[in-house]
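Read off the chains here:
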Amino acid sequence: QVQLVESGGGLVQPGGSLRLSCAASGSIFSINAMGWYRQAPGKERELVATITNSRSTNYADSVKGRFTISSDNAKNTVYLQMNSLKPEDTAIYYCNAWVRMAWGLRDNEFWGQGTQVFVSS
(Lines give C-alpha, C1' and ligand atoms only; values in the text may rest on other atoms or scores of the structure.)
Protein backbone atom coordinates (compact mmCIF):
# COMPACT_ATOMS: atom_id res chain seq x y z
CA GLN A 1 0.00 0.00 0.00
CA VAL A 2 2.00 2.90 -1.39
CA GLN A 3 0.47 6.20 -2.39
CA LEU A 4 1.98 8.87 -4.63
CA VAL A 5 0.42 12.32 -4.35
CA GLU A 6 1.20 14.88 -7.04
CA SER A 7 0.71 18.62 -7.19
CA GLY A 8 1.75 21.64 -9.23
CA GLY A 9 0.12 21.15 -12.61
CA GLY A 10 -1.87 23.81 -14.38
CA LEU A 11 -2.04 26.22 -17.30
CA VAL A 12 1.00 28.23 -18.29
CA GLN A 13 2.02 30.36 -21.27
CA PRO A 14 4.83 29.31 -23.61
CA GLY A 15 8.15 30.25 -22.06
CA GLY A 16 6.73 30.01 -18.56
CA SER A 17 7.59 27.70 -15.67
CA LEU A 18 5.92 25.14 -13.43
CA ARG A 19 7.17 23.05 -10.54
CA LEU A 20 5.66 19.62 -9.97
CA SER A 21 5.89 17.76 -6.66
CA CYS A 22 5.23 14.14 -5.75
CA ALA A 23 5.31 12.68 -2.24
CA ALA A 24 5.31 8.94 -1.57
CA SER A 25 3.79 7.45 1.57
CA GLY A 26 2.67 4.10 2.94
CA SER A 27 4.51 0.79 3.32
CA ILE A 28 7.97 1.95 2.30
CA PHE A 29 11.14 0.15 3.27
CA SER A 30 13.19 1.95 0.66
CA ILE A 31 12.76 3.81 -2.64
CA ASN A 32 15.36 3.00 -5.27
CA ALA A 33 14.26 5.51 -7.88
CA MET A 34 11.59 8.05 -8.70
CA GLY A 35 10.70 9.72 -11.94
CA TRP A 36 8.31 11.62 -14.14
CA TYR A 37 6.54 10.43 -17.27
CA ARG A 38 4.05 12.19 -19.50
CA GLN A 39 1.32 11.25 -21.93
CA ALA A 40 -0.29 13.51 -24.51
CA PRO A 41 -3.66 12.65 -26.08
CA GLY A 42 -3.29 9.90 -28.66
CA LYS A 43 0.35 9.27 -27.78
CA GLU A 44 2.26 6.70 -25.75
CA ARG A 45 3.46 7.49 -22.27
CA GLU A 46 7.08 8.64 -22.41
CA LEU A 47 9.93 9.09 -19.98
CA VAL A 48 10.67 12.66 -18.92
CA ALA A 49 13.25 12.32 -16.15
CA THR A 50 14.37 9.91 -13.43
CA ILE A 51 16.46 10.15 -10.29
CA THR A 52 17.95 7.37 -8.16
CA ASN A 53 18.33 7.22 -4.42
CA SER A 54 21.94 8.30 -4.92
CA ARG A 55 20.67 11.29 -6.96
CA SER A 56 21.90 10.10 -10.33
CA THR A 57 19.64 11.69 -12.97
CA ASN A 58 18.51 10.91 -16.50
CA TYR A 59 16.53 13.12 -18.90
CA ALA A 60 14.75 12.77 -22.18
CA ASP A 61 16.57 14.64 -24.94
CA SER A 62 13.53 16.85 -25.51
CA VAL A 63 13.71 18.35 -22.00
CA LYS A 64 17.45 18.53 -21.35
CA GLY A 65 18.49 22.03 -20.36
CA ARG A 66 14.91 23.04 -19.57
CA PHE A 67 13.73 20.60 -16.87
CA THR A 68 15.43 19.68 -13.61
CA ILE A 69 14.52 16.69 -11.45
CA SER A 70 15.44 16.66 -7.78
CA SER A 71 14.52 14.72 -4.66
CA ASP A 72 14.34 14.94 -0.90
CA ASN A 73 15.00 11.40 0.29
CA ALA A 74 14.06 12.17 3.89
CA LYS A 75 10.60 13.24 2.71
CA ASN A 76 10.24 10.58 -0.03
CA THR A 77 9.50 13.42 -2.41
CA VAL A 78 10.52 14.12 -6.00
CA TYR A 79 10.25 17.43 -7.85
CA LEU A 80 10.28 18.49 -11.47
CA GLN A 81 11.18 22.09 -12.23
CA MET A 82 9.99 22.89 -15.76
CA ASN A 83 11.31 26.04 -17.42
CA SER A 84 10.99 27.46 -20.93
CA LEU A 85 7.83 25.45 -21.46
CA LYS A 86 6.64 24.75 -25.00
CA PRO A 87 3.20 23.79 -26.34
CA GLU A 88 4.55 20.32 -27.07
CA ASP A 89 5.10 19.87 -23.32
CA THR A 90 1.32 19.75 -22.87
CA ALA A 91 0.46 16.36 -21.36
CA ILE A 92 -0.63 14.54 -18.25
CA TYR A 93 2.45 14.14 -16.07
CA TYR A 94 2.71 11.01 -13.93
CA CYS A 95 4.93 10.43 -10.93
CA ASN A 96 6.64 7.04 -10.73
CA ALA A 97 8.50 5.25 -7.94
CA TRP A 98 10.23 1.90 -7.50
CA VAL A 99 9.55 0.89 -3.91
CA ARG A 100 10.72 -1.96 -1.71
CA MET A 101 7.93 -2.45 0.80
CA ALA A 102 9.78 -4.80 3.19
CA TRP A 103 13.11 -6.58 3.56
CA GLY A 104 13.33 -9.58 1.25
CA LEU A 105 10.66 -8.40 -1.21
CA ARG A 106 11.17 -7.38 -4.81
CA ASP A 107 10.86 -3.75 -5.78
CA ASN A 108 7.43 -2.77 -7.07
CA GLU A 109 6.50 0.05 -9.41
CA PHE A 110 3.89 2.59 -8.34
CA TRP A 111 2.26 5.48 -10.18
CA GLY A 112 0.59 8.69 -9.17
CA GLN A 113 -2.80 9.78 -10.43
CA GLY A 114 -1.34 12.22 -12.95
CA THR A 115 -1.47 16.00 -13.09
CA GLN A 116 -2.42 17.98 -16.18
CA VAL A 117 -0.01 20.49 -17.68
CA PHE A 118 -1.29 22.84 -20.40
CA VAL A 119 1.13 25.11 -22.25
CA SER A 120 -0.83 27.53 -24.40
CA SER A 121 -1.23 31.21 -25.12
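Refer to the structure above for everything that follows.
How each quantity is defined
- Residues numbered from 1 in each chain as written.
- Predicted model: local features only at pLDDT ≥ 70, side-chain atom pairs only at ≥ 80, totals over all residues.
- Heavy atoms only, no water.
- Helix = DSSP H or I, 4+ residues; strand = E, 2+ residues; numbered from the N terminus.
- Buried < 20%, exposed > 50% of the residue type's maximum accessible area, 1.4 Å probe, protein only.
- Contact = heavy atoms within 4.5 Å.
- Core = buried A, V, L, I, M, F, W, Y, C linked by side-chain atoms within 4.5 Å.
- Pairing = 2+ DSSP bridges.
- Axes fitted to C-alpha atoms, helices over the stretch in contact; angles between N-to-C directions.
- Disulfide = S-S within 2.5 Å.

Colleague: Help me understand the overall build of the protein chain, please; the structure alone is not making it clear to me.
Modeller: The secondary structure content of the protein chain amounts to zero helices and eleven strands. Helices (α) and strands (β) of the protein chain occur, in sequence order from the N terminus, as β-β-β-β-β-β-β-β-β-β-β. Summarising its shape, the C-alpha atoms of the protein chain cover approximately 50 × 25 × 25 Å along the three principal directions. Put simply, the protein chain has 121 residues, and 40% of those count as buried. Summarising the internal contacts of the protein chain: among those between residues at least 6 apart in sequence, 55% fall at separations of at least 24.

Colleague: Whenever I open this one, unusual backbone geometry confuses me. Can you help?
Modeller: Glycine aside, a negative phi is what most residues show, and trans is what most peptide bonds show. In the Ramachandran plot, Asn 76 falls in the positive-phi region, its phi being about 50° despite a non-glycine side chain. Relative to the assigned elements, Asn 76 resides in the loop between strand 7 (67-72) and strand 8 (77-82). You will see that Ser 84, though not glycine, has its phi angle at about 50°, which is positive. Among the structural elements, Ser 84 can be located in the loop between strand 8 and strand 9 (91-100). On the basis of relative accessibility, which here comes to 42%, the residue Ser 84 falls in the partly exposed class.

Colleague: What am I meant to see in the nonpolar core here?
Modeller: As a rule of thumb, nonpolar side chains are buried together in soluble globular proteins. Ranked by internal contacts, the top residues of the largest apolar core, which has 31 residues, are Trp 36, Leu 80, Met 82 and Tyr 93. Elements that contribute at least two residues to this core include exactly strand 1 (2-7), strand 3 (18-26), strand 4 (30-39), strand 5 (46-52), strand 7, strand 8, strand 9 and strand 11 (115-119). Beyond its immediate stretch of four places on either side in the chain, Tyr 93 contacts Glu 6, Leu 20, Trp 36, Tyr 37, Arg 38, Val 48, Phe 67, Leu 80, Met 82, Gly 114, Thr 115 and Val 117.

Colleague: Explain the sheet that holds strand 3 to me, please; I cannot follow it from the model alone.
Modeller: Strand pairing in a sheet relies on backbone hydrogen bonds. The paired strands run either parallel or antiparallel. The strand order across the open sheet built from four strands is 1-3-8-7, with neighbouring strands paired in antiparallel fashion. Two strands close off the open sheet at either side, each with one partner strand: strand 1 and strand 7. Within the sheet, the average angular offset between the axes of one strand and its neighbour, ignoring direction, is 15°. Strand direction decides the pairing type here: strand 3 and strand 8, joined by six bridges, are antiparallel. Its bridge partner being in strand 8, Arg 19 is matched across the sheet by Gln 81.

Colleague: It is not clear to me how the state of the cysteines should be interpreted in this structure. Could you clarify?
Modeller: What makes a disulfide is a covalent bond joining the sulfur atoms belonging to two cysteines. Under the criterion given, the structure shown has one disulfide. Covalent S-S linkage joins Cys 22 and Cys 95, the inter-sulfur distance amounting to 2.1 Å. Across the disulfide from Cys 22 to Cys 95, rotation about the S-S bond amounts to roughly -85°, and the bridge is consequently left-handed. In this pair, Cys 22 sits in strand 3 while Cys 95 sits in strand 9, placing the two residues 73 residues apart along the sequence.

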